[in-house]
Amino acid sequence: MKRFRYVLLGLLLVCCFFSLTLEAAPIKLEYWTIFTGPNGQTMQRLVDRFNQEYKGKIEVQMSVMPAGNFYEKIISAVVSNQAPDFCIMHVDRLAEFTSRGILLPLDEYVEALGLKGSDYAEPLWNGGIWQGKRYAIPLDTHPLVMYWNKKLFREAGLDPEKPPTDAESFIKVCKALTKDKNGDGKIDQWGTMLSVGWPNFQYWYTIFHQNGGTLFNADNSQALFNSKAGVDALQFLVDCIYVHKISPDNVQVDSEHEAFKRGELGITFNGIWMMADYLNQPNLEFGAGPVPQFGSQKAVWGGSHQFVLPKQRRVDRNRINAAIEFIKWFGDHSLDWGFGGQLPAKLSVLNSPEFRQDPYFGRIAEMADYVYFPPFFAKYGEAVGPIWDAVNAALLRKSTPKEALDRAKDLSNKILAGN
Amino acid sequence: MTREGEEVATLVMKEKPKGRFRRWFGSNGLLRPYFYLLPHAVFFFMFLVYPIFKGFYISLTEWDIFANSGRFIGLGNYRLLFDPAAIQNVYFWQALRNTLIFVVISVPLLVLVALGLALLLTSRLSGRSVFRTIFFMPTALTVSVVAVIWRWLLNVDHGFVNFLLEKVGIKGVPWLTSQPWAWISITIATVWWTVGWNMILLINGINGVPEEIYEASKIDGANAWQRLLYITLPCLRPVLLFVCITTVIASFNLFGQPQLMTGGGPARSTLPVMMQIYTEAWANYRMGPAGAMSYLTALIMIVFTVFQSKLFAQRADD
């Protein structure tokens, strides 16, 4: 009998021990990202820091996969019930996935954990809403940025601290920067370079929305981008090449980027993500600022990374709350993320003195307020596809801007009409 | 082969009548050859036969990749390809036309250049094996490497080719951003990349032509040109047929070079049909129409192949 009591006591102790360890076992979360470049390392550092701070409670395990087939992976993972607890998604792809019921609506969790819209840059926060429900929480935005070469500005007698701010000053500055340096009758330094291909859609998109254009009608059944706003935007780009002659024709994709790095190009437009590349370039003295206001209002193209939670077959509130805890924590600690080449979504970080006083990022932080996201829908990416071709056709003078956009509108309408 | 196997098996049977099991499964059993074939057959059925039928079934449905099932709609997806109001109609035929353009310009080059090189490298040229290796080497590269190399060489502003052209006073050519240069660039890159393979096949073919025929023709007074025309080429016919068919199929499958060199541009003009099928399936998630495009393209390729075989066979009758 005595022996039995000992056994019982022993069992009790073992139970206590196990219950303690169970209590202490952290919630392990799987987190998928597409950050294969240097910002993947930044993200990993932040995840490590989080795991340190939340030791014993939450442990985030990050997997990085190439963006090329990331979205295909998400689909097959959700279909086979292997989806991560949370992952990254581009804002323009959200509708595609929410409309298929793959993502978890977050409203109840977001409120309970104290995430507020007023803490985030408005367009980015609103970007996570689809048909009245919240599906995503923003990390950042990556807008189109104007980069200019300060050395070439000085050589052309321009003030390197006063980049152009509108169409008129842009053309004037670019004309001053366009010159034949070695006197062989051939221009070897251009004011700007408009590539045939990426990212010229972003140029057009920016000017189009600055002109007050609307891409599609309210129920996304008709394309509207061949409006005056659209044609004027495209005409402006074409004129830069053939009328003002401030950009060469037939610019190959990435040529403008390489010419800028070599210090042979006055002004270039590219994503904020190019900043790191330019900062690492020796002997390149450059400035970064908002894209000039070519049209009647402020707008700029931008993408945005957003956190989303794929639906799981079994809803586990603890895991969901833990994931949102990380997302909340990330927002407060996203300064380093910003310096990696993004504008942080969280206003407290975006407007912090560290970020605002940075000579490169400080100037462009304002764009987070007017980066323009159209109302995205499932077929958005496909339906704007014809515009990409139209911009190229017009820049190559294969057709006039009006013809090119009319044709693109017909194609878009066919896409919108299909199922 | 099978008959021989059976004979051996029956012989074995006569010598040692040791029961049914050994007859089928024994070391000389009737099933033995099939066991050797089994591993390949398993993968062949899993990764080729099954997908072919599954793909065809998908092309007859409104397949939902998220649900991994689809509603049967008969030829609806195929009808889309012929319906002028459908986007698939516009994009598919445009892409197919692009692919056909590539087939028409690349196949003759890939065969003729390979033939020329093969003839050169089987003649009494010093350093033949070195050249053979050099011409064959690009075949070992992956398409991404090939595309990067040619993108650099053909860059408009600071590519090596335009640098050379400008040295001799010719204005730089927009190799990758405008037509017809984009097709020319893709074709040059493809020929450089894959011609070595055809060349090796043809070299083997030429080496297989019996030496006596050449000797006899020389005695009869045939010159080099006549020997090529009346001996080498006719003897090469089976190899040439094989080379032509595989080259046509390879050209139909064009994907990586335009994707990585021109992105299908300028304005979709180098966007091949394979890229369109891929986009339809994996960017637009429309597996049904993508399946229909695949099977229609396959049908066209089969017609091409049959036509080619007929053409070669006809020549043989003449």
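Residue numbers here run from 1 along each chain, matching the order of that chain's written sequence. For this description, chains carry letters from A and ligands carry numbers from 1, given in the order in which they are written. Given that the model is predicted, a residue must reach a pLDDT of at least 70 before its local features are reported, and side-chain atom pairs must reach 80 or more before they are shown or counted; all residues, however, enter totals for whole chains, interfaces and linings. With hydrogens and water set aside, each side-chain value is computed from the structure's full complement of heavy atoms.

S.K.: Sorry if this is basic, but what is going on with the overall build of chain A here?
M.R.: Secondary structure elements follow DSSP: runs of H or I no shorter than four residues count as helices, runs of E no shorter than two count as strands, and numbering proceeds from the N terminus. A tally of helices and strands in chain A yields 20 helices and 13 strands. Projected onto its principal axes, the C-alpha positions of chain A cover 110 × 50 × 35 Å. The rule is simple: take the accessible area with a 1.4 Å probe, protein chains only, and divide by the maximum for that residue type; under 20% is buried, over 50% is exposed, in between is partly exposed. Across the 419 residues in chain A, those meeting the buried criterion constitute 54%. Any two residues whose heavy atoms approach within 4.5 Å at even a single point are treated as in contact. Partitioning the contacts of chain A with sequence separation of at least 6, the portion at a separation of at least 24 is 74%. About 18,300 Å² of surface is accessible on chain A, with carbon and sulfur atoms providing 53% of the total. In this description, accessible areas are obtained by the Shrake-Rupley approach with a 1.4 Å probe, and a residue is regarded as covered only by the protein chains that are shown.

S.K.: Looking at this structure, how should I read the sheet that holds strand β6 (residues 136-138) of chain A?
M.R.: Strand pairing in a sheet takes place through backbone hydrogen bonds and is either antiparallel or parallel in direction. All names here are of chain A. The rule for pairing is simple: two strands pair if DSSP sees at least two bridges between them. Strand order in this open sheet of five strands is β2-β1-β3-β12-β6, and the pairing throughout is mixed. The open sheet terminates on both sides in strands that have one partner only, identified here as β2 (58-64) and β6. On average, adjacent strands in this sheet sit at an angle of 30° to one another, irrespective of strand direction. Bridge analysis of strand β1 (residues 27-33) against β2 gives seven bridges, and the strand direction is parallel. Looking at the pairing, Thr33 lines up with Val64 of β2. A fitted line through C-alpha atoms represents every axis, and for helices the fit uses only the stretch in contact; the resulting angles, taken between N-to-C directions, go from 0 to 180 degrees. Its contacts with the sheet put helix α13 (residues 317-332) on β1, β2, β3 (86-90), β6 and β12 (305-308), and the angle it makes with β1 is roughly 55°.

S.K.: Please explain the side chain of Lys150(A) as it appears in this structure.
M.R.: Residue and element names in this part refer to chain A. Note that Lys150 resides in helix α7 (residues 150-155). Polar contacts here mean pairs of N or O atoms no more than 3.5 Å apart (in protein, one a potential hydrogen donor and the other a potential acceptor; neighbouring residues in sequence count only if both atoms are side-chain atoms). Among the polar contacts listed, one links the side chain of Lys150 to the side chain of Glu161, at a separation of 3.2 Å. When residues no more than four places from it in sequence are discounted, the contact partners of Lys150 are Pro160, Glu161, Glu285, Phe286 and Gly287.

S.K.: Would you explain the interface of chain B and chain A in this entry?
M.R.: Many descriptions give the size of an interface as the accessible area lost when the pieces come together. On the side of chain A, 31 residues touch chain B, which itself brings 31 residues to the contact. We define buried area as the total accessible area lost by two parts upon association, computed with a 1.4 Å probe and summed across both. Roughly 2,500 Å² of surface becomes buried between chain B and chain A when both sides are summed, with 52% attributable to carbon and sulfur atoms. The largest contributions to the chain B side of the interface with chain A come from Phe66(B), Thr177(B) and Tyr285(B), which together make up 25% of the buried area. For this analysis, a salt bridge means a side-chain nitrogen from Lys or Arg found within 4 Å of a carboxyl oxygen belonging to Asp or Glu. Summed over the shared surface of chain B and chain A, the result is two salt bridges. As a salt-bridge pair, Asp389(A) and Arg268(B) come within 3.7 Å of each other at their nearest N and O atoms. For the pair chain B and chain A, the interface holds eight residue pairs in polar contact (both at pLDDT 80 or more). Those elements that place two or more of their residues in the side of chain B that touches chain A are β1 (61-64), α5 (87-122) and α13 (273-282) of chain B. Gly counts as polar in this scheme, as do all residues outside two lists: the nonpolar Ala, Val, Leu, Ile, Met, Phe, Trp, Tyr, Cys and Pro, and the charged Asp, Glu, Lys and Arg. A breakdown of the residues in the side of chain B that touches chain A according to their chemical character gives 18 nonpolar, six polar and seven charged.

S.K.: Help me understand the confidence of the model for chain B, please; the structure alone is not making it clear to me.
M.R.: Residues shown with low pLDDT carry predicted positions that ought not to be read at fine detail. For every residue, the pLDDT score states the predictor's confidence, bounded by 0 at the bottom and 100 at the top. For chain B, the mean per-residue pLDDT works out to 88, and 93% of the residues sit at or above 70. Both confidence scores are given for the complex: pTM 0.85, ipTM 0.78.

S.K.: Could you clarify how one ought to interpret unusual backbone geometry in this entry?
M.R.: For residues that are not glycine, phi is negative in most cases, and the peptide bond is trans in most cases. In this structure, Pro199(A) follows Trp198(A) across a cis peptide bond, with omega equal to -5°. Among the structural elements, Pro199(A) can be located in the loop between β8 (190-192) and α9 (200-210). With an omega of 0°, the peptide bond between Gln179(B) and Pro180(B) qualifies as cis. Although it is not a glycine, Asn283(A) sits at a positive phi angle of roughly 65°. Of note, Asn283(A) is situated in the loop between α12 (275-279) and β10 (286-289). Of note, the phi angle at Arg397(A) is positive, near 60°, even though the residue is not glycine.

S.K.: Explain the packing of α9(A) against helix α19 (residues 380-395) of chain A here, please?
M.R.: When two helices pack together, their arrangement is given by the angle between the helix axes and by the axis-to-axis distance. All names here are of chain A. One can describe the packing of α9 onto α19 by two numbers: an axis separation of 9 Å at closest approach and a directional angle of 100°. One way to sum up the angle between α9 and α19 is to call them roughly perpendicular. Facing α9, whose interface residues are Asn200, Phe201, Gln202, Trp204 and Tyr205, α19 presents Tyr380, Val384, Ile387, Trp388, Val391, Asn392 and Leu395. Class assignment of the residues belonging to the contact of α9 with α19 gives a composition of nine nonpolar, three polar and no charged. For classification purposes, an angle smaller than 35 degrees is called roughly parallel, one larger than 145 roughly antiparallel, one from 65 to 115 roughly perpendicular, and anything else oblique.

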